[in-house]
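Observations on chain architecture
Spelled out, the chains give:
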Amino acid sequence: SPLLELSNVHCCYGGTTAVYQLSLRVMPGQIACLLGPSGCGKTTTLRAIAGFEPLCNGEIRVRGEPLSVPGYVMPPEKRRMGMVFQDYALFPHLNIYDNITFGLRKLSRRDRRRRADELLELVDLQGYGERFPHELSGGQQQRVSLARAVAPQPQLVLLDEPFSNLDVELRERLSREFHDIFRDQQITAILVTHDQHEAFAMADEIGLMRDGRIVQWDTPFNLYHEP
Ligand code: ADP
Ligand code: ADP
């Protein structure tokens, strides 16, 4: 059964409808991507899934439970979602250890440190724990923000244009790295991007978006081989 299900979702800003009649399902362990030009409603959809954007119609369920329906949004602490943003959004005054373990304050100091070391290894940044975000390159900062997002073992990781601030070469390398991490860790992820290469490199399934709708939903293989 699907981990995430959007049924007939509409999101409105005042009089304008940014997302229209949107339905999709994501199975556990899958990487789904919403691909489309600027303004087509990708970020609004992601924000709705994250619970930041109330729906004006339809429903969003996670493991069958209502996450967002008109008039109800599941409280943040129950949603268990990790987010990765285009601008990394690290805390500049915290070192990398403290950035990564920010969501793990319930653990003892020792367990936090152990988990942080595991995560630094996962994103290939062993030895960077004591540094500060400004001492890292853009690619390294984005790997830290992935580590922070997956630290509390979320049920879903949401990525909004994660590589758009990076140069082409680094973008390709990080798409592969993130893809491999999601596979290894069996993480379910939703990626939003306007970059076709990124979508094809990372996703199991791609939803093509235009004007607030999904116009096609298929595997990269089928989309690529379409006549
Ligand atoms: P994308 O992420 O694909 O670039 P968005 O979801 O950001 O698209 O935007 C979809 C549509 O909703 C656009 O027409 C945009 O102008 C509009 N929109 C987005 N955010 C707001 C907002 N806070 N207030 C009013 N309109 C908005
Ligand atoms: P990447 O290919 O991962 O983006 P870069 O080639 O940009 O890495 O950076 C290479 C090295 O330079 C890294 O070890 C990084 O820690 C260091 N570095 C990058 N930016 C800065 C900075 N602003 N201050 C100090 N060191 C930096």
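The structure displayed is predicted, hence computed values, not measured ones.

The next subject is the sheet that holds strand 2 (residues 16-26). If you walk across this open sheet you meet the five strands as 2-1-4-5-6, and the pairing is antiparallel. Taken across any chain shown, the strands that pair with only one partner, and hence form the sheet edges, are strand 2 and strand 6 (72-73). Relative to strand 5 (residues 65-69), strand 4 (residues 57-62) is paired through three bridges, and the arrangement is antiparallel. Within the sheet, the bridge partner assigned to I60 lies in strand 5 and is S68. Set on the sheet, helix 1 (residues 42-50) makes contact with strand 1 (4-13), strand 2, strand 4 and strand 5; between it and strand 1 the angle comes to about 115°.

Inspection of the secondary structure assignment puts L208 in strand 10 (residues 205-210). In this structure, the C-alpha to C-alpha distance between L208 and M74, residues 134 residues apart in sequence, is 27 Å. Those residues in contact with L208, other than ones at most four positions away along the chain, are L35, R213, I214, V215, Q216 and L223.

What follows deals with unusual backbone geometry. Backbone geometry at Q186 places phi at a positive 50°, although glycine is not the residue there. Mapped onto the elements of the fold, Q186 is located in the loop between helix 6 (168-185) and strand 9 (189-193). Of note, the phi angle at D211 is positive, near 45°, even though the residue is not glycine. As for its placement among the helices and strands, D211 is situated in the loop between strand 10 and strand 11 (213-218).

What follows deals with the pairing of strand 4. Bridging between strand 1 and strand 4 involves five bridges; their strand directions are antiparallel. Counterpart to L4 in the pairing with strand 4 is V62. Hairpin connection from strand 4 to strand 5: two residues lie between these consecutive antiparallel strands, with R63 at a positive phi of about 45°.

Sheet strands pair via backbone hydrogen bonds, and the direction of the pair is either parallel or antiparallel. Here six strands make up an open sheet; going across it, the order is 7-8-9-3-10-11 and the pairing mixed. With partners counted over all chains shown, the strands left at the sheet margins are strand 7 (81-84) and strand 11, one partner each. Each neighbouring strand pair of the sheet contributes to a mean axis angle of 20°, computed without reference to strand direction.

Y13, A18, P37, S38, G39, C40, G41, K42, T43 and T44 make up every residue found near ligand 1. Within the side chain of Y13, an N or O atom sits 3.5 Å from a nitrogen atom of ligand 1. Notes on ligand 1: free accessible area 560 Å², of which the protein chains cover 55%. It is helix 1 that contributes the most residues to the shell around ligand 1, three residues altogether. Of the residues contributing to the shell around ligand 1, the split by class is four nonpolar, five polar and one charged.

Once that is clear, we can look at the environment of E130. Note that E130 resides in the loop between helix 4 (109-122) and helix 5 (138-150). Relative accessible area serves as the criterion here: at 53%, E130 is assigned to the exposed category. Between the C-alpha atoms of E130 and P75, which are 55 residues apart in sequence, the distance is 33 Å. Leaving out residues up to four positions away in the same chain, E130 has contacts with N95, Y97 and R113.

This part covers the packing of helix 5 against helix 6. What describes two packed helices is the angle between their axes and the distance between those same axes. Packing of helix 5 against helix 6 leaves a shortest axis separation of 11 Å and a crossing angle of 20°. As judged from the angle between their axes, helix 5 and helix 6 are roughly parallel. In this structure, helix 5 meets helix 6 at a crossing whose hand is right-handed. Along its contact with helix 5, which presents G139, Q142, R143 and L146, the element helix 6 presents L170, R173, L174, E177, F178, I181 and F182. Residues of the contact of helix 5 with helix 6, tallied by class, amount to six nonpolar, two polar and three charged.

Conventions and cut-offs
The residue numbering used here restarts from 1 in each chain and proceeds along that chain's sequence as written. Naming scheme: in the order in which they are written, chains are lettered from A and ligands are numbered from 1. Under the rules for a predicted model, residues below a pLDDT of 70 receive no local features and side-chain atom pairs below 80 are neither given nor counted, while totals for whole chains, interfaces and linings still include all residues. Side-chain numbers here rest on the full set of heavy atoms in the structure, without hydrogens or water. A pair of strands is labelled paired if DSSP reports no fewer than 2 bridges between them. By definition, any uninterrupted DSSP run of H or I lasting at least four residues is a helix, any uninterrupted run of E lasting at least two residues is a strand, and each is numbered from the N terminus. Contact criterion: two residues are considered in contact whenever any of their non-hydrogen atoms come within 4.5 Å of each other. Interaxial angles span 0 to 180 degrees and are taken between N-to-C directions of axes, which are lines fitted to C-alpha atoms, for helices over the stretch in contact. Here a residue is near a molecule or strand as soon as one of its heavy atoms is found within 4 Å of it. N or O atoms closer than or at 3.5 Å make up a polar contact, with two conditions inside protein: a donor-capable atom paired with an acceptor-capable one, and, for residues adjacent in sequence, both atoms drawn from side chains. Here the accessible surface of atoms and residues is derived via Shrake-Rupley with a 1.4 Å probe, and residues count as covered only by protein chains that are part of the display. Polar here means any residue outside two lists: the nonpolar Ala, Val, Leu, Ile, Met, Phe, Trp, Tyr, Cys and Pro, and the charged Asp, Glu, Lys and Arg; Gly therefore counts as polar. Each residue gets one of three labels from its accessible area relative to the maximum for its type: buried under 20%, exposed over 50%, partly exposed in between, using a 1.4 Å probe on protein chains only. Oblique is the label for any angle not under 35 degrees, not over 145, and not in the 65 to 115 range, which are roughly parallel, roughly antiparallel and roughly perpendicular in turn. The handedness criterion is simple: a crossing whose near helix is rotated anticlockwise from the far helix by less than a right angle is left-handed, and one whose near helix is rotated clockwise is right-handed.

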